[in-house]
Amino acid sequence: MKYAPPFHRTNGFLPVLLALFALAVIPLVFTDTYIRHTLILVFIYAILASNWDISLGLGGVVNFAHMAFFAIGLYSYGITVKIFGVDPWIALALAPVLAIVFAALLAIPILRLEGIYVILVTIAAAQLLLQIVVSQSDYTGGTSGMVLLPRLTLGDYRLSSDGRIGYFYLALLLLAASTIFLYKLERSALGRAIKALRDNKYYAIARGVSEGRVRLLTLCASALFPGLAGGFYGAYLRVASPDVFGLGFLTMTLSILLLGGISTIWGSLIAAFVITILAQLLGDYGSWRSIIIALLIIAVVVVYPGGLFAALQEAWGGANRLKTNMLAGYRRRAQASVRAAAMGVEDRLVETRHGRVSVCDTQTGDKAILFIHGNSSAKEVFRHQFEAFRGDYRVVAFDLPGHGVSPNADPEDDYNVEAYAEIVADLVEHLKLGEPVVFGWSLGGYVGLEYAASGGPITALAICGTSPVNKYPDDMPRGYIATPHMELAGKRFHSPSEKTAYATHTIGMKKGLEPLLWQAVWRTDGQAREQAFAKLKTIDWPRQTRLMRDGTLPFAMINGPRDPFINHDYCRSLAYGDIWGGTPQNVGDAGHAPFLEDPETFNAMLRDFLNEVETTRTANVPRETTGAGRAASDPSG
Amino acid sequence: MISLDTFFFILASGILLGGLYALMATGLAVVWTTLGVFNFAHGTFVALGAYVAWQVTQSIGGGAGFLLAAALSVIVMFGIGFVLHYVLVKPFERNTNLVLLAVITTLAAASIIENGILIGWGPRDKQITPPIEGSVGFFGASINLYDIVILLVALLTLLALALFLRRTSLGRAMRAAAQNREAAELMGLNVSMLFAITIGLSAATAALAGVFTGSLRFISPTFGADPLMKALVVVILGGVARFTSPIYAAFIVGIAESFSAYFLGLYWAPAVLFAMMIAVLLIKPEGLFGHRSKTL
């Protein structure tokens, strides 16, 4: 399953658009040639570093001959223009071709090699190339290089006129094209094959990824834009010197890549600005400049290996948490009446061992039903059930931590199914719900199963939009239909359009109709989504399926037939000891949230189930002790 | 083709080069086999060693000054290597990306040392005055006495290092740490310190190579790059299966370099070496004298 939304639907779209606009406007505001020159260098370094990420980051092939691609572009421009008298534009187009040819040749020796040997061979290859360049002084100018290379012109207009404005926009165009190329490559089938080969080589090969072909393409892809940038560099500075093979140039580019963060395209781009501008600022300090940059590299690698991009994401995540928490606090006070109108009862905060949660409790009634909502939703999703059942039952629902108007909680300890089940246990105890009927929706279904399986007092359990899992993660692709929206469920940062997609698919309604639930998706702490999914693997899944198989607990599955997530055939195929109606039930024509989409039919069905549970309970008195008896017989409970 | 004395002259200079390369490459190989990292600052160890020695010979002249300079340089570089382990390798020794991270930090260290030399001693070329003059005949070719001394000292140093690793308890502990880190730790060995000593010894041999090279040629702040590349070629060519593998390879490389410089020209000699290295990696990645194993 892949999830690859178009770029304009992601969170990165706006910042990138703004940055591009700013870069396009800067030379018009600052007409100083020096600023333009610095920015052109930034663009070149950004292209070199971000394309190096293809082999080093995505592919895990540590290619130290990357600078040679640039050098080949540079020298091929110089030689074709100066020695063979080719038109500069054609020479520029030819530069990446030669770089790619070299990349293909380089791929042959490193095919059989791993780890440090790849580094050594690529260093040797670059040095070999350097020696050839230095020895062929008739063509390359030897150690002193080539000077006065022809410049680029458009008709009679020199790109260097008007303070190098033409070169500036050409460089910006190159950077934009390179970034689009990288973005598309990373999301293409080839990009996924490159990453698969890095992450699990033998598994990738077993799944039909050809190691040789993919490595060849990895290197060729990473040579394209550096070669072009090399040609451009030659046309811009009009000099080709063997310095581009030097360790200093390599260290500088590598430090940009590392400071930005490996395996992120954007990190290198940001770091190129930071490092190049830092280097220009330190320009007066000569050797100290190199020392400071080297110390910076060591500091980044030792202290913060994720680099700038990870730091940026962390800052973004922190801001997001702060924002969602403040939003929840504000709504808890300001919108209390709106929620009370929807639910028929005011909510309040209740202390549990995983922090405070917001609870709606009708207070009256002998028998309690506890509703647990799903991922990125809120307790208001059950408002129709509050209306229908409050006459006969004590109806209780709560917002999971990080959801609805509950405050955010600790991501490590409080955002997982086991913690949520412990919250349910605490609520049952604090609110004196006795042995409630528990209804869990989607992620809440797992919470209900976990609560029952861990031996919490319970009369009956009903789940909805949840596929029980026996073996994790193998049963996940069986229990769920692979759709791109599944990816959203565990994703930390949603873009506005992703939030819309998620909201419409989970509650099956348009924006205007359910403002509270719509807001709930926006409010949800991204860490809650990410952590709950990341920690699914720690759940004792067989304990849950054992509970359903034993059939000691009255159990119902009430699903929407048009649910876009769960696989109904899988749910029907499972072994149930005592499931209400003999098989999972369907509600009318509803989707993932039948209790909200078709409340009449759903409520009637739930009432039937509750009545049946009640009848068996009264007819069969020992049932009273079922909860305790079952808990005692369960060794893991 | 060429006269016999020219042939022997080239051969002799090749053997001398081989001795120096052996000194440089063995340090690199020992670190590689023990810590599993490739030290890209090794070339700058050679350069820094040479500069430290030069500084001493400036104040104390003559043979005694040279001996003192060499001794001080070796001790200082041992200390620097020892400390650098804790800065460059130790922080992420458990990281799965150790190889790449160490490449990056050692490259950065090389940059720091190189620029530090530039700041401390300036960009001008320097030379250490050789302590011994005179020459001897060798199959008709005239060989400097000092060259023979260098070769002998280099070989004796390597022999001493080999004996240290095989016969002393500290050397055995270092080999144990290289072969099985966990077991060595369970035996109560301070593996971190053993690794630091390994890098220190490697830097000390590099310093000795630097002192000799600096008394044969001019030294400049960037002069570490060439020894690093040569050591790299030697280690790849010979492999690291045994302590002696890079030593044999060093002589092959030294002789090959002398002859290709004579026949093909100075600029082509490095190209020949790198082509040899790539060929070996293609056909026998574990090196000419190697079978894939990781031991000293």
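This structure is a prediction, so every number in the text was calculated from the model and none was measured.

As a further point, take the sheet that holds strand S7 (residues 368-372) of chain A. All names here are of chain A. In space, the eight strands of this open sheet follow the order S5-S6-S8-S7-S9-S10-S11-S12, with mixed pairing throughout. Edge positions in the sheet fall to strand S5 (347-352) and strand S12 (585-586), since each of these pairs with one other strand and no more. Bridge analysis of S7 against strand S8 (residues 394-398) gives five bridges, and the strand direction is parallel. Residue pairing in the sheet places Ile-372 in a bridge with Phe-398 of S8. In this fold helix H19 (residues 443-453) packs onto S7, strand S9 (437-441) and strand S10 (460-464), with an angle of close to 145 degrees to the strand it touches most, S9.

In this section: the pairing of strand S11 (residues 555-559) of chain A. Residues and elements named next belong to chain A. Counting buried positions over the five residues of S11 gives five, a clear majority of the element. Two strands pair when backbone bridges link them, and S10 and S11 are joined in this way by three bridges, in the parallel orientation. Bridge pairing links Ile-463 to Met-557 in S11. Pairing between S11 and S12: two bridges, direction parallel. Looking across to S12, one finds that Ile-558 is bridged to Gln-585. Running through helix H26 (residues 568-573), the crossover from S11 to the neighbouring parallel element S12 is right-handed.

Residue and element names in this part refer to chain A. Judged by how many residues are buried, S9 sits mostly within the fold: five of five residues are covered. Here S9 shows no split at all, with Val-437, Phe-439 and Trp-441 on one side and Val-438 and Gly-440 on the other all buried. As paired strands, S7 and S9 are joined by four bridges and run parallel to one another. Residue pairing across strands places Phe-371 opposite Phe-439, the latter belonging to S9. Across five bridges, the pairing between S9 and S10 is parallel. Bridged to Gly-440 within S10 is Ile-463. Considered for its hand, the β-α-β crossover made up of S9, H19 and S10 is right-handed.

On to the domain arrangement of chain A, then. Here chain A is partitioned into domain 1 (7-305) and domain 2 (336-630). The C-alpha-based centres of domain 1 of chain A and domain 2 of chain A are spaced at 52 Å.

Attention now goes to helix H23 (residues 515-523) of chain A. Each turn of an α-helix holds 3.6 residues, which means side chains three or four residues apart point in the same direction. Residues and elements named next belong to chain A. Among all positions in H23, only Leu-516, Leu-517, Ala-520, Val-521 and Arg-523 are buried. When H23 is viewed along its axis, its buried side chains cluster within an angular range of 165 degrees and face the same direction. Buried residues along H23 sit against helix H14 (307-334), helix H15 (336-343) and helix H22 (496-507).

Opposite the 32 residues of chain A that make contact, chain B presents 31 residues. Every element with two or more residues in the side of chain A that touches chain B is listed here: helix H5 (115-135), helix H11 (247-260) and helix H13 (287-303) of chain A. Per-element accounting of the side of chain A that touches chain B gives the leading share, 15 residues, to H5 of chain A. A per-class count over the side of chain A that touches chain B returns 24 nonpolar, seven polar and one charged.

Right, let's talk about the packing of helix H2 (residues 33-58) of chain A against H11 of chain A for a bit. Residue and element names in this part refer to chain A. Following both chains from N to C, one finds H2 and H11 inclined at 70 degrees, their axes separated by 9 Å at the closest point. With respect to H11, the element H2 is oriented roughly perpendicular. Seen from above, H2 lies across H11 with right-handed handedness. Only Thr-253, Ile-256, Leu-257 and Gly-260 of H11 make contact with H2, whose side of the interface consists of Tyr-45, Leu-48, Ala-49, Trp-52, Asp-53 and Leu-56. Partitioning the contact of H2 with H11 into residue classes produces seven nonpolar, two polar and one charged.

Parameters and conventions
- Residues numbered from 1 in each chain as written.
- Chains lettered and ligands numbered in written order.
- Predicted model: local features only at pLDDT ≥ 70, side-chain atom pairs only at ≥ 80, totals over all residues.
- Pairing = 2+ DSSP bridges.
- Helix = DSSP H or I, 4+ residues; strand = E, 2+ residues; numbered from the N terminus.
- Contact = placed C-beta atoms within 7 Å.
- Axes fitted to C-alpha atoms, helices over the stretch in contact; angles between N-to-C directions.
- Buried ≥ 20, exposed ≤ 12 C-beta atoms within 10 Å, placed from the backbone.
- Right-handed = clockwise from strand over helix to strand, strands pointing away.
- Domains from an automatic or database assignment.
- Arc of directions from axis to C-beta.
- Nonpolar A, V, L, I, M, F, W, Y, C, P; charged D, E, K, R; others polar.
- Parallel < 35°, antiparallel > 145°, perpendicular 65-115°, else oblique.
- Left-handed = near helix turned anticlockwise from the far one by under 90°.

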